[in-house]
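Chains, contacts and geometry: an overview
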Amino acid sequence: MSLVQHLPASRLRPRRREVLPTAAVTAAAAGAATVLATVDPNQAGHYPGCPFLLVSGLYCPGCGSLRAVHDLMHADIADALARNPLAVVAVPFLLCALGAAWARALGRRPPSTTSVPAPVLWGVLVVVLAFGVLRNVPGWSWLSPA
Amino acid sequence: MSDQGSMPPPPPPPPPSGGGGGYGAPPPGGGYGPPPPGGGYGAPQGAPPPNHLVWAILTTLFCCLPFGIVSIVFAAQVNSKWAAGDVAGAHESSQKARRWAMVSAIVGIVVIGLYLVVVLIGGLASNSTA
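It should be emphasised that the depicted structure is a prediction, and the values quoted were computed from it without experimental measurement.

1. As for the nonpolar core
If you look at the biggest cluster of nonpolar residues, it comprises 15 residues, and the most contacted ones within it are L86, L121 and V128 of chain A together with L53, I57, L61 and I72 of chain B. Taken together, the elements giving at least two residues each to this core come down to α5 (85-105) and α6 (118-134) of chain A together with α1 (53-62) and α2 (65-83) of chain B. Residues contacting L53 of chain B, with those up to four places away along its chain left out, are F93, T113 and L121 of chain A together with A75 of chain B.

Structure representation (structure tokens):
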């Protein structure tokens, strides 16, 4: 595994081109989290329902992620896991990715997700697909967002 | 590791790849250039192309289902091809992962926008008839 690539000479030079997009993404994420924390997605009518759910009647792998984030913002991890466990698992990963983006923008060389062994990513794919199927199967209601 | 004049400082020794010891015997005249596609030299040195996994996860779990899954496939392809030494293929998959992440983000935004319009019009219509 090549987790440690050789470091270029310009290791600590900030990349100004990346600072603004990273700041924009950070602001957008903070804004979305704040809106989700204050405007409760458990109340009907606060947000439009999912078009995919409306058309197909099926729960996709993302179903329940708004409610899960709302619960997380209120430190209610059990309820968040009940809405969408995969989204709960994804949040720390996304926060790490945001940290890595800042590190990169400030000129450091954080480990890239391309350094992750490929079977792990294929595993992620399988987990997402299996999750999307199983949460619609009777008997697996602990995975369903309802 | 001797006379590569303008090359960057020698990389750390690669992991052993099979019995022969990986880079122990460089190809004649080849030195440390990019390995041939599919060559058995393990992960190439240098900066790997981004696999855009973060956007794939974001669009799959927080935005729009089908295209996000396509992005995950290409993200995994980047890692597979890079680990196999296929530099050109890894960059190609990286571009595709990026494209599909953007497609899913844009489609997600457009669908949500259209849906909001439909909901708003529906709400107005039901209000006026009620």
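2. Structural notes on the packing of helix α1 (residues 16-38) of chain A against α5 of chain A
Residues and elements named next belong to chain A. The contact between α1 and α5 brings their axes to 9 Å, and the two run at 160 degrees. The angle between α1 and α5 falls in the class roughly antiparallel. The crossing of α1 and α5 is left-handed. Contacts from E18, V19, T22, A23, V25 and T26 in α1 reach L98, A101, W102, R104 and A105 in α5.

3. A word on the environment of A118 of chain A
Relative to the helices and strands, A118 of chain A resides in helix α6. Taking the relative accessible area as the measure of exposure, A118 of chain A reaches 9% and is therefore buried. For A118 of chain A, the residues in contact, after removing those within four places along its chain, are A76, N79 and S80 of chain B.

4. Here we look at the interface of chain A and chain B
Interface size is often expressed as the accessible area that is lost when the parts come together. Across the contact, 35 residues belong to chain A and 35 residues belong to chain B. Carbon and sulfur atoms make up 78% of the area that chain A and chain B hide from each other, which totals about 2,900 Å². On inspection of chain A and its partner chain B, the count reaches 0 salt bridges. One can count 7 residue pairs in polar contact (both at pLDDT 80 or more) joining chain A with chain B. Looking at the side of chain A that touches chain B, the elements with two or more residues in it are α2 (51-56), α3 (65-73), α5 and α6 of chain A.

5. Here's the deal with the confidence of the model for chain B
Residue and element names in this part refer to chain B. Chain-level statistics for chain B give a pLDDT mean of 72 and a share of 61% at 70 or above. Helix α3 (residues 87-129) is the least confidently modelled element of chain B, averaging 82 in pLDDT, while α2 averages 89, the highest of any element. Counted against residues more than four places away or in other chains, residues 1-7, with its pLDDT under 50, gives 4 contacts. Predicted confidence is poor over residues 13-31, with pLDDT under 50, and the contacts of this stretch with residues over four places away or in other chains come to 12 contacts. Our summary of model confidence lists the complex with pTM equal to 0.72 and ipTM equal to 0.79.

6. Focus on the side chain of R135 of chain A
All names here are of chain A. Position of R135 relative to the elements: it lies in the segment after α6. Here the side chain of R135 touches L143 through a polar contact of 3.0 Å, landing on its backbone oxygen. Apart from residues lying up to four places away in sequence, R135 is in contact with Y59, C60, P61, G62, C63, R83, N84, W140, L143, S144 and P145.

7. Things to note about the packing of aromatic side chains
Residue and element names in this part refer to chain B. Within the structure shown, the criterion is met by 2 aromatic pairs over all chains. Taking 5.7 Å as the distance between ring centres and 20 degrees as the angle between the ring planes, the aromatic pair formed by F67 and W100 counts as stacked. You can see F67 sitting in helix α2 and its partner W100 sitting in helix α3, a full 33 residues away along the chain. Residue classification places F67 among the partly exposed positions, given a relative accessible area of 24%. You can call W100 partly exposed: its relative accessible area is 29%.

The rules behind the values
Residues numbered from 1 in each chain as written. Chains lettered and ligands numbered in written order. Predicted model: local features only at pLDDT ≥ 70, side-chain atom pairs only at ≥ 80, totals over all residues. Heavy atoms only, no water. Core = buried A, V, L, I, M, F, W, Y, C linked by side-chain atoms within 4.5 Å. Buried < 20%, exposed > 50% of the residue type's maximum accessible area, 1.4 Å probe, protein only. Helix = DSSP H or I, 4+ residues; strand = E, 2+ residues; numbered from the N terminus. Contact = heavy atoms within 4.5 Å. Axes fitted to C-alpha atoms, helices over the stretch in contact; angles between N-to-C directions. Parallel < 35°, antiparallel > 145°, perpendicular 65-115°, else oblique. Left-handed = near helix turned anticlockwise from the far one by under 90°. Buried area = accessible area lost by both parts, 1.4 Å probe. Salt bridge = Lys/Arg side-chain N within 4 Å of Asp/Glu carboxyl O. Polar contact = N/O pair within 3.5 Å; in protein donor to acceptor, adjacent residues only side chain to side chain. pLDDT = per-residue confidence, 0-100. Phe/Tyr/Trp six-rings, centres within 6.5 Å; stacked < 30°, edge-to-face > 60°.

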